[in-house]
Amino acid sequence: MRQRLRSWFQTLFKRYGNAENRKGSKDQEQSRPAPLQQIPAATAMSATRMPAPRLPAAPAPGSADTETSASTDNTTVHLPAAPATDSADTETPADADDTTVSLPVRLWDRAYNDLKREEAELVDAYEKILSRQLQDSPGSAVPESQPNTIAQNNSDRRRQMTQLINAGLAKTEREVKVKEGLSTAVDVVLSARDIINSAIQAVPQAALAWTGICIVLEMFVNPITATEENRKGIDYVVKRMNWYWNLSNILLKDPTAHNGELSGVRGELEIHIVNLYKALLSYQIKSVYSFYRNRGLVLLRDIVKLDDWNADLGAIQDAEKCFRDDTQTYTAQQVTSHLEQLVSYAMSEKDQKCLEHLRLTDPRDDKVRIEQTKGGLLQDSYRWVLNNADFQQWRNDLQHRLLWIKGDPGKGKTMLLCGIINELDRGNARHCNVAYFFCQATDSRINNATAVLRGLIYLLIEQQPSILSYVRKEYDCAGENLFKDANTWVALSRIFTNILRDPSLRTTYLVIDALDECVTTDLPQLLDLIAQQSSSGSRVKWIVSSRNWPQIEERLEKAADKVKVSLELNAESVAAAVNAFILQKVDDLAGLKKYDPRTKKTVQDYLCSNAQDTFLWVALVCQALEKVQKGFTLKKLRMFPSGLDALYARMREDMSQFDESDLCKHILAIVTIVRRPISLEELTTLADELDDTCDDFESLETIIGLCGSFLTLRERTIYFVHQLAKDFLLGNASDKASNQASQETFKWIFPKGKEDVNYTIFSRSLDAMSTTLRRDIYSLSAPGFPRDKVEVPDPDPLATVRYSCVYWVDHLCDLVSGTNTKRYNLLWAEEVVHTFLETKYLYWLETLSLLQAMPAGIVAIRKLEGLLGGNNQSQLSKLVWDAYRFALSYKSIIEQAPLQAYISALVFAPSGSLIKRNFKAEEPEWIQTKLAVELDWNACLQTLEGHSGYVASVAFSPDGQRLASGSDDNTIKIWDLASGSCLQTLEGHSGYIASVAFSPDGQRLASGSYDKMIKIWDPALGSCLQTLEGHSGYVASVAFSPNGQRLASGSWDSTIKIWDLASGSCLQTLKGHSSSVASVAFSPNGQRLTSGSWDKTIKIWDLASGSCLQILKGYSYSVASVAFSPDGQRLASGSWDNTIKIWDPASGSCLQTIPNSTKMTDISFDPTNRYLRTNVGGIKIDIETTESQVVLENPESYGYSLGQDKSWITYNGQNVLWLPPNYRPSEYDVQGRMISIGTISGLVWFISFS
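Residues numbered from 1 in each chain as written. Predicted model: local features only at pLDDT ≥ 70, side-chain atom pairs only at ≥ 80, totals over all residues. Heavy atoms only, no water.

An unreviewed UniProt entry annotates the protein chain as Mitochondrial division protein 1 originating from Pseudoneurospora amorphoporcata. Its UniProt record, at the heading Function (unreviewed entry), says of the protein chain: "Involved in mitochondrial fission. Acts as an adapter protein required to form mitochondrial fission complexes. Formation of these complexes is required to promote constriction and fission of the mitochondrial compartment at a late step in mitochondrial division." Turning to the protein chain, the UniProt annotation filed under Sequence similarities (unreviewed entry) states: "Belongs to the WD repeat MDV1/CAF4 family." (UniProt positions renumbered as here; feature names shortened; annotations may be inferred.)

1. Observations regarding the packing of aromatic side chains
Applying the stated rule across the entire model yields 28 aromatic pairs. Ring centres 6.4 Å apart and planes at 50° place the aromatic pair Y890 and W937 in the tilted group. Here Y890, found in helix α37 (residues 875-896), pairs with W937, found in the loop between α39 (914-918) and β10 (940-944); they are 47 residues apart in sequence, far enough to count as distant. The exposure class of W937 is buried, given its relative accessible area of 14%. Site record: aromatic cluster; members linked through ring pairs are F762, W808, F836, Y841, W844, F886, Y890 and W937. Positioned over the ring face of W394 is K541, at 5.4 Å from the centre of the ring. (Phe/Tyr/Trp six-rings, centres within 6.5 Å; stacked < 30°, edge-to-face > 60°. Helix = DSSP H or I, 4+ residues; strand = E, 2+ residues; numbered from the N terminus. Buried < 20%, exposed > 50% of the residue type's maximum accessible area, 1.4 Å probe, protein only. Lys NZ or Arg CZ within 6 Å of the ring centre and 35° of its normal.)

2. Let's talk about the state of the cysteines
Applying the stated rule across the entire model yields zero disulfides. Among the cysteines around C707, which has no disulfide bond, C664 carries the closest sulfur, lying 3.7 Å off. (Disulfide = S-S within 2.5 Å.)

3. Regarding the nonpolar core
Among the nonpolar cores identified, the biggest contains 199 residues, and Y841, W844 and F886 are the most heavily contacted of them. Residues A111, I129, L208 and Y292 belong to the second largest nonpolar core, which totals 37 residues. (Core = buried A, V, L, I, M, F, W, Y, C linked by side-chain atoms within 4.5 Å.)

4. A few points about the packing of helix α13 (residues 349-358) against helix α18 (residues 468-478)
At their nearest, the axes of α13 and α18 sit 10 Å apart, and the two run at 90° to each other. When the axis of α13 is compared with that of α18, the two are roughly perpendicular. Only L468, V471, R472, Y475 and D476 of α18 make contact with α13, whose side of the interface consists of K350, D351, K353, C354 and H357. When the residues that make up the contact of α13 with α18 are grouped by side-chain class, the tally is four nonpolar, one polar and five charged. (Axes fitted to C-alpha atoms, helices over the stretch in contact; angles between N-to-C directions. Parallel < 35°, antiparallel > 145°, perpendicular 65-115°, else oblique. Contact = heavy atoms within 4.5 Å. Nonpolar A, V, L, I, M, F, W, Y, C, P; charged D, E, K, R; others polar.)

5. Section: the sheet that holds strand β15 (residues 993-998)
In any sheet, the strands associate via hydrogen bonds between backbone groups, in a parallel or an antiparallel arrangement. Across the sheet, four strands lie side by side as β15-β16-β17-β18; this open sheet has antiparallel pairing. Because the sheet does not close on itself, it has two edges, and the strands there are β15 and β18 (1023-1029). Shown here is a sheet whose adjacent strand axes are inclined to one another by a mean of 20°, direction ignored. Where strand β16 (residues 1005-1009) lies against strand β17 (residues 1013-1018), four bridges are found, and the strand directions are antiparallel. The residue of β17 that forms the bridge with G1008 is I1014. (Pairing = 2+ DSSP bridges.)

6. Notes on the pattern of salt bridges
In the structure shown here, the tally under the stated rule is 36 salt bridges. Here D605 ties to K601 by a salt bridge, and the two come within 2.7 Å at their closest N and O atoms. Taken together, the residues span about one helical turn, with D605 and K601 both in helix α23 (residues 597-610) at a distance of four residues. Here D605 falls in the partly exposed class, since its relative accessible area comes to 34%. Here K601 falls in the exposed class, since its relative accessible area comes to 51%. One salt bridge in this structure joins K863 and D810, with 2.6 Å as the shortest N-O distance. On the criterion of sequence distance, the pair formed by K863 in helix α36 (residues 854-867) and D810 in helix α33 (residues 802-817) is long-range, its members being 53 residues apart. Within the structure, one salt-bridge network assembled from shared partners comprises K406, E553, E557, K562 and K564. (Salt bridge = Lys/Arg side-chain N within 4 Å of Asp/Glu carboxyl O.)

7. Describing helix α35 (residues 832-850)
Most pronounced at K840, the bend in α35 amounts to some 75°. The element α35 is largely enclosed, with a buried count of 15 among its 19 residues. Q852 sits one or two residues past α35 and shows a positive phi near 55°. (Bend = angle between axes of the 7 residues up to and from the residue.)

8. A short note on the pairing of strand β21 (residues 1055-1060)
The buried fraction of β21 is high, at five of six residues. Pairing between strand β20 (residues 1046-1051) and β21: five bridges, direction antiparallel. Counterpart to R1046 in the pairing with β21 is D1060. Where β20 folds back on β21, the antiparallel hairpin that results is connected by three residues, among which S1054 adopts a positive phi of roughly 75°. The pairing of β21 with strand β22 (residues 1065-1071) spans six bridges and is antiparallel. Bridge pairing in β22 places K1057 opposite T1069. Between β21 and β22, which follow one another and run antiparallel, lie four residues, and G1064 among them has a positive phi close to 80°.

Structure representation (structure tokens):
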């Protein structure tokens, strides 16, 4: 129903939107703009229900209230006159910054600045005239040497213009009084004076638009100085100035907060308004110059021809016509949009659920918390940036869409952004979106790239709910996992990009604070996204802040038209802001502690002298002074050294004097080592010295308070006050001069090294889990109870062990890797890990599912396996391996329904599984028939599901840890072979992926597609680094050169191209094949290239000259694969004629022919040169032979591979594992003892052998 109504309204307004304007006389057409909107009678009732735009009537000669009407089917709608200025429509006061001025003011400023760039000499002459008037009085002569003193920033220039208008109006009024009643020209002056007076009183910032008019009014009092055409033009301009001012304000105002959905058309309309304003300003400026020149008051050289006033007036009327045309489109779509809103958007229950799952945090709450934590937001601490030239450039220039605010730690970047956000919100609340996010390294919820996108998208939806549809499109398929699985970044990046491209998106400001506090693994992909998105789309502007990190600058350099504000380069402004902050903090302290004037002044002077322009230092000192008795204030004050690190050292010394210093030290050690902020409940589990106070949370909070210079407590979770505090405790002081104090602090907290603390966390975690974990800990009861329906009980039985369940293995790894510990023997001697896995493993898997941490659990078990160092004979090693296979095999179902760990997983696990045997008592009694299952785990480690089409190409990364798969669903997937998670889905091709290849260092991936393009990807970030275009046919094969600097591609257009990957340019195009090129390969030294083609030949190319060195013939069918030997002395090729040939590439002679019973589509040499790896398995060859055309009738196979019909996996030519039909490969890759297989159904799976 909703869709039908929307469609009906769209059809209706498309029909009427371009209706003809009401016919009128030619004089009426010229005297006012054409009607702007026509609404049919059939929709009049609907139109009255919506907040339609109020359009002011254009003035007509001789009439103050001329109506504008629009007629369709004899129905007339009268547009109301421009509204009087009232409380609802009053503009921003004169002393406001550009972030709060009205839309018309900003548009006039933009028009003036554009005109100044386009007609620099004319505007400079005009400003010199204005400068002379500011210096003397209106009407003073202007010499050639007159300097231009008009301000270059908008706010100061407005103040100067206001001064000029006031002086000009006073002079005009005196002259009019002398000549009042003498001519109709004087009546025009009086009328114009009243208009200007009214406009300036209502909107003081309007002075820029009216200054020229005010000056040229004198020509009406002194008519001899102007031509009749010029006076008529000025009369025309005066009559339109006020009307167009009000029109832009009303037409583009968004009282319902939905107008932004038309911002595509609106953006075009704004451009035409600015062009119109430029024409009006140009006419004014030329008139002023002409008036002064004709009176002999301008001694400047002639700047422009000034006698074609009719043409200049025509330029204004042309701009008006463009404006009218766009206005009709805009207002028609505006009505349609409002009617759609009446029938379309109300959040459904599914919408609310989607938004609930998307919300990781509400950045608005984070902003309030941060401001409160830092002692409140002081306007004087940030307002300087609003007048900063670089900020103004970003704010006012559409081309500059990225602002990077950078500075050292503690300089107030976060509070600066809080202030800017407030100004953007205040100035644009009715027609813009303002979304922001605050990264904090010490809070794992908000210190990663995915969290940033979730926060920004959440706020955008809160302001413009219609864009939720982009999230729902993917959420409806994936559910809550959309925001939690390994593909979350890929999915959210796609959603975010689509939102920013939505033509209905309002003008949007995106703000991200503290990029340097985003985890290092995520930061590059976040920076690349910012650089890419800020370089496209004029309706979205970005502000980001960070420390002065080269790696951030390097990534942001890719952004076009960015602006930087360096706090170090604005030291005076920052110092003034810090001093204002000090005054405020000292006032607060004096009121709280009842300081006398002398004490107050002493504190203030000390802070100002030692702050080193650092907000954080001031905040920490003031926080410490709050706890000092008034009588000891001055003594304590002098103990605070200058500089953050020195201050931290002093506070650590003070802490060591407390009676509770040992507790403080232990808590600081734990909080510094843990991998995320922990709750008070989790702290009691990890800290052995808190056993006596584990239930006394009030005492715990008091102890945390004693660490207040380093730690803070929010909602019973412990955080560092700043990343600098954590760095200092770890011995990594930001100031080299303070590094010794930082190292001493590290030794104080970790007297036995970090390994001792890791041991405490590991051992206490294992004890706590062994005591706490049990079956069905949340009392779900139903075996299939879905995870996404689980509600955490109160109290939460897992509250004390949440951290331990996820991170216990990490602390064991840190313990074992420490150079000073010998506790690694616990893996074999103490049996603690063995006992835990033997008795609690299934309960742990259930808990991981409840905590949504199954992937982390699988990685933990894999790490545990790695710690054992390949000792496969120990009982613990066998148990860990079995636990790993168990978790990997049933990860999917346990994630969906936690209790299936005891049902499906136990029922279908092999009968020989150690986990199955240990937990036999947990098997469901209600299943009477025992199923026949395998005796042991089969070779299939994992089945990777995700492709929706045929898998055409697979490739292992050089380190064997990742797998790439290309499919005819036009995507490439990158898989983590340890956890089975899909790390990235690479989208961008519009055709079947025919070939994928990793670079030699594994840092890049190349893909060739049927869309005739090659793409180079960053497989870690999922971003496309380059798109190489040039082939006119499908790209069938890609290969990196040995040094990774070049790429070869073979295509169905019968050519090979060599690409320079640094520049993306095509270095060579190799021609010579008469049919499609199926395979390409570089020689080991990178100097030659071989290609195999459907024309049944192999060619060897010299890459220095591009010449063909050899043409190898002998096949009766297409050549499918080619490869050089590791030493480059031999070449192997496989063909669809079921043979392999070994060639001498120097002479071109065929040394061996190896017949087979299937097509040879994949060939490579093993490192020894003694075997070939093929799609039918390993084949032993005689690399030493020099005889021509030796035929090996019964080649000896070796290693693991696929049999001839691909139904068996073979070892040394013998069938060892039969594959069911749905597991048989369409493509596969062999790497030693591991085989990856892509199937025709889109399944990717791999197996590993001992």
